[in-house]
Amino acid sequence: MDTEKPLRIGIVCYPSVGGSGILASGLGDELAARGHEIHFISYERPFRLNPSQERMYFHPVEINSYELFKYPDYTLPLSVKLAEVAQSFELDVIHAHYAVPHATAAILAREMLPSGHRPVVITTLHGTDTTLLGRDPGYAPAIRFALEASDAITAVSEFLRQETHRLLGVAKDISVVHNFFDPRPAPRGREAVRQELGVREDQKLILHLSNLRPIKRIDVLLNALAQLENRERFKVLVLAGGTFTPYQGLVSSLNLSDSLVVRESVAVIEDYLQAADLGLFTSDSESFCLSILELASFGCPSVSTQVGGIPEVVQDNQSALLVPAGNSEAVALGIERLLQDDALRMRLGEAARKRALELFCPGMIVPQYEALYRQVLARR
Ligand code: GMT
């Protein structure tokens with residue numbers, strides 16, 4: 001329990017559907033509930049921000065389009081807004097989630113302010129800011145600079161910590177602070193939700209939720225489903241954080257249209273998490289995979305590719321089934337095992353729930369961020 005003076009914290013994140021923004025919104029909510037004053041800064045209100053939380057504010061960044069610019073610039077207006085908010089509300093900390101361009105804007109904001117009014121900058125790496133952009137020579141030097149200039153860096157898994165040292169050659173220490181999830185009660189009952197989706201009592205509901213970016217390998221997921229016999233046994237729900245349209249052609253050609261339900265941009269996911277029997281994830285890389293944790297919190301086990309930080313979140317054969325990446329046959333075998341063996345599915349689900357509650361709950365993770373803020377402020 002943090003008993004010291006509450007802090008004033010600015011959080012900069014992406015507002016759209018994606019793990020980094022979801023985690024940042026959850027963290028802001030928890031920190032505000034613990035008495036800190038939280039200021040979110042982004043181009044839109046983050047979609048999962050709790051509207052009724054006290055001590056939580058949102059400051060939009062306005063972007064003008066100037067004729068001279070072929071491409072609109074976000075980094076500079078963001079840095080100016082961060083500096084304004086930091087000065088007006090006397091922020092102690094700016095916490096940047098996802099390095100590009102948030103860490104750069106935060107460093108610029110800090111340097112723009114008069115000394116004595118400068119917040120410390122903490123940067124949390126979430127995944128593709130290292131694993132994708134960190135490999136791009138057009139980005140890497142700028143990311144490395146922003147990380148080295150941050151007062152502290154965190155990564156959401158040990159995998160991501162090591163990849164950041166390896167790919168970006170960052171010399172500074174990186175602390176691992178895993179993600180957390182605090183499930184809210186589902187507003188509707190399990191049966192009502194399954195009815196809405198057209199899932200019969202004797203059918204299993206397989207759930208995939210993501211922003212559907214190419215790294216999620218929706219092609220592998222659909223090909224795996226197409227290999228399963230007796231499709232009457234299950235329904236598949238995709239909670240899509242982006243448009244599913246590009247995959248409709250593949251769905252039709254694999255004859256999966258009757259087995260698949262898609263819902264785009266769902267804000268309250270708990271309804272669907274509680275209704276699912278198993279999760280399905282086929283990413284080529286994942287620094288953590290918050291969605292696996294979200295399902296685990298409801299006692300739902302997943303079949304997933306064994307990549308990146310996923311083995312830190314769930315353990316193969318104990319709280320999930322992990323299979324090689326890019327291999328739809330292996331994915332299909334994993335799903336088949338869990339469709340056929342109710343006892344195994346229940347056992348893995350219960351172990352996943354226990355692990356989520358013990359290791360990845362707000363009570364375990366949020367104090368780690370609070371302690372880091374205090375440590376860095378004391379060092380300053
Ligand atoms: O989509 C986002 O907002 C960020 C995204 C990414 O591509 O970096 O997700 C990452 O952050 C999540 C929250 O920390 C992790 O659960 C995801 O595993 C991670 N995605 C990847 O590494 C591909």
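Looking at the pattern of salt bridges
Two side chains bearing opposite charge may form a pair once their charged atoms approach each other closely.
Argument step 1. All chains considered together, the criterion is met by 25 salt bridges.
Argument step 2. With a closest N to O distance of 3.8 Å, Glu 370 and Arg 34 form a salt bridge. On the criterion of sequence distance, the pair formed by Glu 370 in helix H15 (residues 362-379) and Arg 34 in the loop between helix H1 (19-33) and strand E2 (37-42) is long-range, its members being 336 residues apart.
Argument step 3. The exposure class assigned to Glu 370 is buried, which follows from its relative accessible area of 3%.

A short note on the site of the ligand
Argument step 1. With respect to spatial proximity, 17 residues lie near the ligand, and among them Ser 20, His 126, Thr 128, Asn 179 and Glu 286 are the closest.
Argument step 2. In the environment of the ligand, an oxygen atom lies 2.7 Å from a nitrogen or oxygen atom belonging to the side chain of His 126.
Argument step 3. In the model, an oxygen atom of the ligand is placed 2.9 Å from a nitrogen or oxygen of the Arg 213 side chain.
Argument step 4. Considering only residue class, the shell around the ligand consists of five nonpolar, 10 polar and two charged.
Argument step 5. The residue makeup of the shell around the ligand includes at least three contributed by each of domain 1 (8-180 + 362-379) and domain 2 (190-359).

Details of the sheet that holds E2
Consider a sheet: its strands pair through backbone hydrogen bonds, and that pairing is either parallel or antiparallel.
Argument step 1. The seven strands lie next to each other as E3-E2-E1-E4-E5-E6-E7, forming an open sheet whose pairing is parallel. With one partner strand each, in any of the chains shown, strand E3 (56-60) and strand E7 (174-176) form the two edges of the open sheet. Within this sheet the neighbouring strands show an average axis-to-axis angle of 25 degrees, counted without direction.
Argument step 2. Taken together, the four bridges between strand E1 (residues 8-12) and strand E4 (residues 93-97) define a ladder with parallel strand orientation. The residue of E4 that forms the bridge with Ile 9 is Val 93.
Argument step 3. Packing against the sheet, H1 makes contact with E1, E2, E3 and E4, and its axis sits at approximately 155 degrees to E2.
Argument step 4. Here helix H6 (residues 158-168) sits on the sheet and contacts strand E5 (120-125), strand E6 (152-155) and E7; the angle it forms with E7, its principal contact strand, is near 165 degrees.

A few points about the domain arrangement of the protein chain
Interfaces are often sized by the amount of accessible area the parts lose when they come together.
Argument step 1. In terms of domains, the protein chain is made up of domain 1 (8-180 + 362-379) and domain 2 (190-359).
Argument step 2. Computed over C-alpha atoms only, the centres of domain 1 and domain 2 are separated by 30 Å.
Argument step 3. On the domain 2 side, the residues contacting the 21 residues of domain 1 number 19 residues.
Argument step 4. Taking both sides of the interface into account, the surface hidden between domain 1 and domain 2 amounts to around 1,400 Å²; carbon and sulfur atoms contribute 59%.
Argument step 5. The three residues of domain 1 that bury the most area against domain 2 are Val 17, Arg 48 and Phe 159, which together make up 35% of that side's buried surface.
Argument step 6. Counting the contacts that link domain 1 with domain 2 gives one salt bridge.
Argument step 7. Where Arg 48 meets Glu 294, a salt bridge forms, and the shortest distance between an N and an O atom there is 3.1 Å.

Thoughts on the packing of aromatic side chains
Argument step 1. Under the definition given, this model contains five aromatic pairs.
Argument step 2. Ring plane angle 75 degrees and centroid distance 5.9 Å describe the contact between Tyr 66 and Phe 69, whose orientation is recorded as edge-to-face.
Argument step 3. Between Phe 288 and Phe 360 the ring centres are 5.7 Å apart and the planes differ by 90 degrees, which places this aromatic pair in the edge-to-face class. Here the residue Phe 288 occupies a position in the loop between strand E11 (278-281) and helix H11 (290-296), and Phe 360 occupies one in the loop between helix H14 (342-359) and H15, the gap between them amounting to 72 residues.

What about the packing of helix H3 (residues 99-112) against helix H5 (residues 140-149)?
Argument step 1. Contact geometry of H3 with H5 gives a least axis separation of 9 Å together with a crossing angle of 50 degrees. Classified by the angle between their axes, H3 and H5 sit oblique to one another. Relative to H5, the crossing made by H3 is left-handed. When H3 is examined against H5, the residues Ala 99, Val 100, Ala 103, Thr 104, Ile 107 and Arg 110 are found in contact with a partner set consisting of Ile 143, Ala 146 and Ala 149.

The rules we used
Residues numbered from 1 in each chain as written. Predicted model: local features only at pLDDT ≥ 70, side-chain atom pairs only at ≥ 80, totals over all residues. Heavy atoms only, no water. Salt bridge = Lys/Arg side-chain N within 4 Å of Asp/Glu carboxyl O. Helix = DSSP H or I, 4+ residues; strand = E, 2+ residues; numbered from the N terminus. Buried < 20%, exposed > 50% of the residue type's maximum accessible area, 1.4 Å probe, protein only. Near = heavy atom within 4 Å. Polar contact = N/O pair within 3.5 Å; in protein donor to acceptor, adjacent residues only side chain to side chain. Nonpolar A, V, L, I, M, F, W, Y, C, P; charged D, E, K, R; others polar. Domains from an automatic or database assignment. Pairing = 2+ DSSP bridges. Axes fitted to C-alpha atoms, helices over the stretch in contact; angles between N-to-C directions. Contact = heavy atoms within 4.5 Å. Buried area = accessible area lost by both parts, 1.4 Å probe. Phe/Tyr/Trp six-rings, centres within 6.5 Å; stacked < 30°, edge-to-face > 60°. Parallel < 35°, antiparallel > 145°, perpendicular 65-115°, else oblique. Left-handed = near helix turned anticlockwise from the far one by under 90°.

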